[in-house]
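Close look at the chain arrangement
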Amino acid sequence: MSKKYLITTALAYTNGPLHLGHVRSTYIPADVMRRYLKLIGKEVIHIGGTDNHGVPITLTAEKEGVSPEDIVNKYHNEIKRDLDSLSIEFNSYGKTHSDIHIKTAQEFYLKLKDNGYIYEKDIEQFYCSRCNKFLADRYVEGICPHCSGEARGDHCEVCGRHLEPTELINPYCVNCGSTPEIRKTTHRFFRLSALSKDLMEYIKNSNIPDYVKNMAYRWIEELHDWDISRDMDWGVPLPDDKNQVMYVWLEAPIGYISFTKMLGDIWRDYWLNDGSKDVKIWHFIGKDIAIHHSVFWPGMLMAHEEYSLPSSVISGGYLTLEGKKMSTSKRWVVWVEDFIKYFDPDYLRYFLMINAPLNKDCDFSFDEFQKRINTELIAIIGNFTHRTIVFTHRKFKGIVKVDEDNLKEEDLKLINKCKETVKEYHNHIINFNFKDALMDIIHLAKEGNNYFQRMEPWTVKDEERLREILYTCLLTVKYIIYLLYPFMPNKCRELLNQMNEELDLNIRESGLKKPTVVFKKIEDRDIELAKKEILNIENEDNINKLKDKGNKNKDKEYKKDKENRRNTMDTITIEDFAKLDLRIAQILEAQEIPKSKKLLKLIVDIGDEKRQVVAGIKGHYTPEDLIGKKIVVLCNLKPAKLCGVESQGMILAGGEETVALLVPDRDIPVGSKIQ
RNA sequence: AGCGGGGUAGGGUAGCCAGGCCGAUCCCGCCGGGCUCAUAACCCGGAGAUCCGAAGUUCAAAUCUUCGCCCCGCUACCA
């Protein structure tokens, strides 16, 4: 094994906080690895940060009427807070919108230029004269010339064909709807194609997982040069043309280097490739950016010539939520911030790592989460550690130590199992098989339980023998804590604290604190509550299950709880109410949104302007019913996109099975304020 | 549509690349028994799988080949 390790995690994009998918595919595995390497005495640093440039951030900023910096700072802080809340630790955590990064990226660019990898070429791009800017591919939509379907930028949504954006029929700017013109502009290109042989060789010899390799090979077969400049002003300015910025995918990965530089001169030990270094660079990422990290980024590093190439790219699979694809816009997502209000962060770390092998897609479901925690972690591992500590405390008030030479065969058998488990676990971790590593711990705890059962320490009268048995159990507990620590650092610290012990594989004779339950069960009610409040669903099945159990008290409690929550949520002041801009509006147009089950798109007159509002009343009202109706609209609701359609307000309606719109019972003018 | 992954007992999942050790692994669930130190936990035993379908290669296939069916993800902000 190498001595030094540089672990990086994908730079989070600062236009939203973190959700469970992010942490499962990237941050938790990286932190587990980091903690493990540190535990076995390696020099390891974890470098991360946020990616702050690119078009989506400028759009969000425009929408919210603030500067891109404001958006970046807001989400940078939220993302870091989420990472902290899960005990994901960094040696350095930076921002790409920072002096050190901009300087590093510009130097990198100039080096590529000096080495002959950058050239200029005129290209044609859409330019929106109303928005006054060049439009990135995905901000132009139009009709596909092949199938007449709806196409976006360089890709047809209907037939799936790749298009040149300029081929689009009736193109329009997604932002303002006007027809963009084609303008010439001079872009910088990175001579990636010159590197295809070297890249092929590099990938073949690297430790990148096979399926990433396969993807990369296919990519390299048709390697094009890379357009690396953009006509906009939010980003890292090109050092040789201040009117353009670097394409984010060129600039962002350089952040791994910039943020290492934040640690001072030691950055050279990790990045400079002078042939003498024994450093492994591991990039933890989500599978969507595997190509960037296995082809583009190594290509950049090769062209630069001074830096080490990644040793491996660890590409995490995707997470679905309750069997369905996550979607931030459809709000089918669990944010880290919300999750940890209900459950222990260490439980999340455990679950996400044991649920499936890292490279596979898998599902997060609240029921599965509860089951795994209660029946595996708590019933097997937690039970063994707890029964050992409680029993020892009762008998001896402290940790007992004995001479290992006197131990019996059955004792040594368990201790041997501990030692074997350490080896197996090690192999699993360094091969990124986190699930298997956790299974090793479960198996060890099962052996522990088995031993405890067979030895029946509660019947043993001979004190010396009892000490031996408990010593064997306590030692096994220490092994379990040691191995579990990278996954559940806080719970393990708690256990060690109770035992008055250190994080290692020995035990000392010392006093035990009065044991308390460290791994607490997840109750059905917590799961129901979380489902309801996080996912916004009431799971009738599970509520029924509670009833079926005949546990009337629980049922009553649950109902009471529910009512309490309703009541506490209700009281607001008149000032709160005054924040709502509610007005009488008239529906001018209404049409169905084809892709959706519930939504109608309405154009409403709110007095001084017309608004597009999306309403979830399809099936309850037909578009014809609605036109001309006067209704109530909440006008100052933050705009949102539903099923891809912008909604600039909310109409008021009530009811569940039968839905009714709120309408004024006398005729009053459009635009009248509700108060 | 293209690309990637996958279909193994009630639910998850290992094995498949390097065919025989597979009369198929492990975790949960289920059934029976035991124990009472422990968070209704723990321990022992058991039942339960035409390894998606069809054809082929082979002395031998869950594992290789071909065809078909089905699921999921990516290709669009997003790991």
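All figures in this text were calculated on a predicted structure; none of them were measured in a lab. (Residues numbered from 1 in each chain as written. Chains lettered and ligands numbered in written order. Predicted model: local features only at pLDDT ≥ 70, side-chain atom pairs only at ≥ 80, totals over all residues. Heavy atoms only, no water.)

Mapped onto the secondary structure, L37 falls in helix α1 (residues 20-39). Along the backbone, L37 and Y5 are 32 residues apart, and their C-alpha atoms lie at a distance of 8.3 Å. If we skip the residues at most four places from it in the chain, L37 touches M1, Y5, I7, K42, V44 and W282. (Helix = DSSP H or I, 4+ residues; strand = E, 2+ residues; numbered from the N terminus. Contact = heavy atoms within 4.5 Å.)

Turning to the UniProt feature "short sequence motif: 'HIGH' region" (unreviewed entry) in chain A, a few remarks are in order. The positions that UniProt labels "short sequence motif: 'HIGH' region" (unreviewed entry) are, in the present scheme, residues 12-22. Counted over residues 12-22, helix gives 27% and strand 18%. Its end C-alpha atoms are 9 Å apart. (UniProt positions renumbered as here; feature names shortened; annotations may be inferred.)

Applying the stated rule across the entire model yields 30 aromatic pairs. With a centroid separation of 5.0 Å and an interplanar angle of 80°, the aromatic rings of Y127 and F134 are classed as edge-to-face. Each member of the pair, Y127 as well as F134, is classed as buried. When the ring of W282 is compared with that of F432, the centres are 5.0 Å apart and the planes differ by 75°; the resulting orientation is edge-to-face. Placement of W282 in strand β16 (residues 279-286) and of F432 in the loop between α14 (409-430) and α15 (434-455) is noted, with a sequence separation of 150 residues between them. Take W282 and F432: they sit in the same class, and that class is buried. The ring of F189 is capped by K121, whose NZ or CZ atom sits 4.8 Å from the centre of that ring. Stacked on the ring of Y318, the Lys or Arg K287 has its end atom at 5.3 Å from the ring centre. (Phe/Tyr/Trp six-rings, centres within 6.5 Å; stacked < 30°, edge-to-face > 60°. Buried < 20%, exposed > 50% of the residue type's maximum accessible area, 1.4 Å probe, protein only. Lys NZ or Arg CZ within 6 Å of the ring centre and 35° of its normal.)

One open sheet accounts for 5 strands, arranged β22-β21-β20-β23-β26; its pairing is antiparallel. Of all the strands in the sheet, just β22 (610-615) and β26 (650-651) have a single pairing partner and so form its edges. When strand β21 (residues 600-605) meets β22, the two strands line up antiparallel, connected through 6 bridges. The residue bridging V604 from the neighbouring strand is R611, located in β22. (Pairing = 2+ DSSP bridges.)

Along the chain, the position of G264 falls in the loop between α8 (255-261) and α9 (267-271). Taking the relative accessible area as the measure of exposure, G264 reaches 28% and is therefore partly exposed. Sequence separation between G264 and M488 is 224 residues; the distance between their C-alpha atoms is 31 Å.

Our next topic: the side chain of T14. Tracing the sequence through the fold places T14 in the loop between β2 (12-13) and α1. Among the polar contacts made by the side chain of T14, one reaches the main-chain carbonyl oxygen of D51 at a distance of 3.1 Å. Separated by 3.1 Å, the side chains of T14 and N52 make a polar contact. Apart from residues lying up to four places away in sequence, T14 is in contact with T50, D51, N52, I57, I71, V72, Y75, H76 and I79. (Polar contact = N/O pair within 3.5 Å; in protein donor to acceptor, adjacent residues only side chain to side chain.)

Across soluble globular proteins, nonpolar side chains have a tendency to be buried as a group. F364, F366, F369, F434 and F487 are the most contacted members of the largest nonpolar core, which has 112 residues in total. When residues of this core are sorted by domain, at least three fall in each of domain 1 (4-116 + 196-207 + 239-317) and domain 3 (338-511). With residues up to four places along the chain from it excluded, the contact list for F366 reads E322, V334, F339, F343, I527, A530, K531, I534 and L535. Formed by 52 residues, the second largest nonpolar core is a distinct cluster that contains L223, W226, L238 and I285. (Core = buried A, V, L, I, M, F, W, Y, C linked by side-chain atoms within 4.5 Å. Domains from an automatic or database assignment.)

In the vicinity of RNA strand B there are 50 residues, among which G286, D288, E376, R387 and F519 approach most closely. Backbone sugar and phosphate groups make up 74% of those atoms of RNA strand B lying within 4 Å of the protein. A distance of 3.2 Å is found between a phosphate oxygen of RNA strand B and a side-chain nitrogen or oxygen belonging to K360. One of the side-chain N or O atoms of K521 is found 2.5 Å from a phosphate oxygen in RNA strand B. The greatest single-element share of the surface near RNA strand B, amounting to 12 residues, is contributed by helix α13 (residues 366-396). Partitioning the surface near RNA strand B into residue classes produces 18 nonpolar, 19 polar and 13 charged. (Near = heavy atom within 4 Å. Nonpolar A, V, L, I, M, F, W, Y, C, P; charged D, E, K, R; others polar.)

Moving on: the sheet that holds strand β12 (residues 226-227). What links the strands of a sheet is backbone hydrogen bonding, and the strands pair in either a parallel or an antiparallel sense. The strand order β6-β5-β11-β12 describes an open sheet built from 4 strands, whose pairing is antiparallel. In the strand order of this sheet, the two ends are held by β6 (133-134) and β12, each with one partner. Relative to β6, strand β5 (residues 118-128) is paired through 2 bridges, and the arrangement is antiparallel. Paired with Y127 across the bridge in β6 is F134.

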